[in-house]
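Descriptive structure summary
Listed below are the residues making up each chain.
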Amino acid sequence: MRSPDPRALTRELLAFNTINPPGMERACARHLGRLLENAGFTTAYHEFADSRTSLIARIGGDGARAPICFTGHIDTVPLGAAKWTRDAFAGETDGDRVYGRGSTDMKGGVAAFVCAALELAPRLGRGPGLVLVITAGEEIGCEGARFLADHDLLGRAGAIVVAEPTANYPYVGHKGLAWFEVETRGVTAHGSMPEVGENAIVKLAQAIGDLEHFHFPVESHPVMGKPTYNVGTIRGGLNTNSVPDEARFTLDTRSVPGIDHAHLCRSLEQLLAPRGARVRKIVDTPPLYTEPENEWVQQVFELCTPLLGERPTPKTITFSTDGADLKRGFHGAPAVILGPGEPQLAHQTDEWCSMTRIEQSVALFRDLMLRWVA
Ligand SMILES: [Zn+2]
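Described in the following lines is the structure provided in the data block. (Residues numbered from 1 in each chain as written. Predicted model: local features only at pLDDT ≥ 70, side-chain atom pairs only at ≥ 80, totals over all residues. Heavy atoms only, no water.)

The next point concerns the coordination of the zinc ion. Distances from the zinc ion to its protein donors, H73 (NE2), D105 (OD), E164 (OE) and E164 (OE), fall at 1.9 to 2.7 Å. Between the four donor atoms coordinating the zinc ion, the angles at the centre fall across 53 to 140 degrees, so the site counts as irregular. Binding-site remark: the zinc ion is held by donors from one chain whose sequence spacing is H-x31-D-x58-E. In this pair, H73 is assigned in strand β3 (residues 68-73) and D105 in helix α3 (residues 103-124), connecting sequence segments 32 residues apart. For the pair H73 and D105, one class covers both residues: buried. (Donors = N, O, S within 2.8 Å, 3.2 Å for Na, K, Ca; no water. Tetrahedral: all angles 85-135°; square planar, octahedral: opposite > 155°, others 65-115°. Helix = DSSP H or I, 4+ residues; strand = E, 2+ residues; numbered from the N terminus. Buried < 20%, exposed > 50% of the residue type's maximum accessible area, 1.4 Å probe, protein only.)

Encoded structure:
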């Protein structure tokens, strides 16, 4: 069989418009599923909503040891307000670059592990095997991965590679993501008679001021650093000459291991209760972390060393991934985030990925797969 070409596959995947919202990943998932089925993989499709399709593809598995998992999402973020100078879906190339929405985040990464898997398929049939988890709906709250974990559809994995953009540097985790919506209520009245109303915006402003007294139960993590929060949006009021009876802000908190998101929600509720504020969790992705001393993580570091020119040091990445939900679904398997995209190009106008990096990922992923089944 001719070796599959990861550059060509990246361009094929870019041609599927999987901008989320609405996502509509089904056609892209089916395309990958067909390629993998033809190489001997068994596939299963799981939809958390209509056309929101994740794919699980498996090969081998002798029951003694769990397979190794490679994972990536096929949805992308919207194009943004700025005009692109390149076609976002045509897979335009220029020198070493392939342009398009999702090239770096992360269709290049998906193409890399799918090509490594297709090439090695004949050798993966025996031994612990390989499982590929290709998800829908990552960009808005990891919906696809959460669905797979919540419904116990993942089975087993002994290690997880999340092929998100890291310029082929292996990261041992990322912070958790807990987003909250805080709402205050008031009583509306004519703007000329504020004394008969109750102003929801004023209450909300006071609630935001109260955040100064908010403390995380864990102040810092040795590798991840400090947890953070940011007020991201604020909304309230319908017109200038009315007392607003409703106002909201959203809060983006980034947590470190040891911080429980349900507990975080309760402490916010307690802090803001005097303002009559209602707190609702809107996005919940736990932190992802694997101890760098883990034997398999050390093996990943060793394999990446020649490419990077030095042995990697334990670091975590700033964005969050499906890895957190998948680690939960796979009952705590060690995980690294390692993929060909450039992290700073994710979600950018004129997003591109280096095709050399994609080829390097294929080689790294092949080595990781072979070591696992050896
Ligand atoms: Zn991504």
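On we go.
This part covers the sheet that holds strand β14 (residues 335-337). Pairing within the open sheet is mixed, and its six strands lie in the order β1-β2-β6-β3-β7-β14. The open sheet has two edge strands, β1 (42-47) and β14, and neither has a second partner. Sheet twist, expressed as the average angle between the axes of neighbouring strands with direction ignored, equals 15 degrees. Where strand β7 (residues 159-162) meets β14, three bridges bridge the pair, whose relative direction is parallel. Following the sheet pairing, V161 is matched in β14 by V336. (Pairing = 2+ DSSP bridges. Axes fitted to C-alpha atoms, helices over the stretch in contact; angles between N-to-C directions.)

Before going further, it helps to spend a moment on the packing of helix α7 (residues 295-308) against helix α9 (residues 355-373). Two packed helices can be described by the angle between their axes and the distance between those axes. α9 packs onto α7 with a crossing angle of 145 degrees between their chain directions and a minimal axis gap of 11 Å. Of the two elements, α7 crosses α9, and the hand of that crossing is right-handed. Touching W296, Q299, V300, E302, L303, C304 and L307 of α7 are Q360, L364, D367, L368, R371 and W372, all from α9. (Left-handed = near helix turned anticlockwise from the far one by under 90°. Contact = heavy atoms within 4.5 Å.)

Take the sheet that holds strand β11 (residues 246-255) next. Ordered in space as β10-β11-β9-β12, the four strands form an open sheet in which the pairing is antiparallel. At either end of the open sheet lies a strand with only one pairing partner, and these are β10 (228-236) and β12 (278-285). Sheet twist, expressed as the mean angle between neighbouring strand axes with direction ignored, is 20 degrees. Against the sheet, helix α6 (residues 261-272) touches β9 (176-185), β11 and β12, its axis set at about 25 degrees to β9.

What follows concerns the packing of aromatic side chains. Each pair of aromatic rings is reported with the distance of its centres and the angle of its planes. A complete count under the given rule lists five aromatic pairs for this structure. Note on F214 and F216: the rings are 5.2 Å apart at their centroids and 75 degrees apart in plane angle, and the pair reads as edge-to-face. With respect to burial, F214 and F216 carry one shared label: buried. Ring geometry for F214 against Y229: centres 6.0 Å apart, planes inclined by 80 degrees, an arrangement best described as edge-to-face. (Phe/Tyr/Trp six-rings, centres within 6.5 Å; stacked < 30°, edge-to-face > 60°.)

F70, F113, V114, L130, L132, W296 and F365 are the most contacted members of the largest nonpolar core, which totals 75 residues. At 13 residues, the largest contribution of residues to this core is made by α3. Residues in contact with F365, not counting those within four places in the same chain, are F70, G109, A112, F113, A116, V161, A163, L338 and G339. Listed in part, the 21 residues of the second largest apolar core include V131, V162, L288 and F330. (Core = buried A, V, L, I, M, F, W, Y, C linked by side-chain atoms within 4.5 Å.)

Among the 10 residues in β9, eight count as buried, and that is most of the element. In this sheet, β11 lies alongside β9 in antiparallel orientation, the contact comprising 10 bridges. Each residue of the ladder has a partner; that of T184, found in β11, is A247. Pairing geometry for β9 and β12, over seven bridges, is antiparallel. Bridge pairing in β12 places E183 opposite R278.

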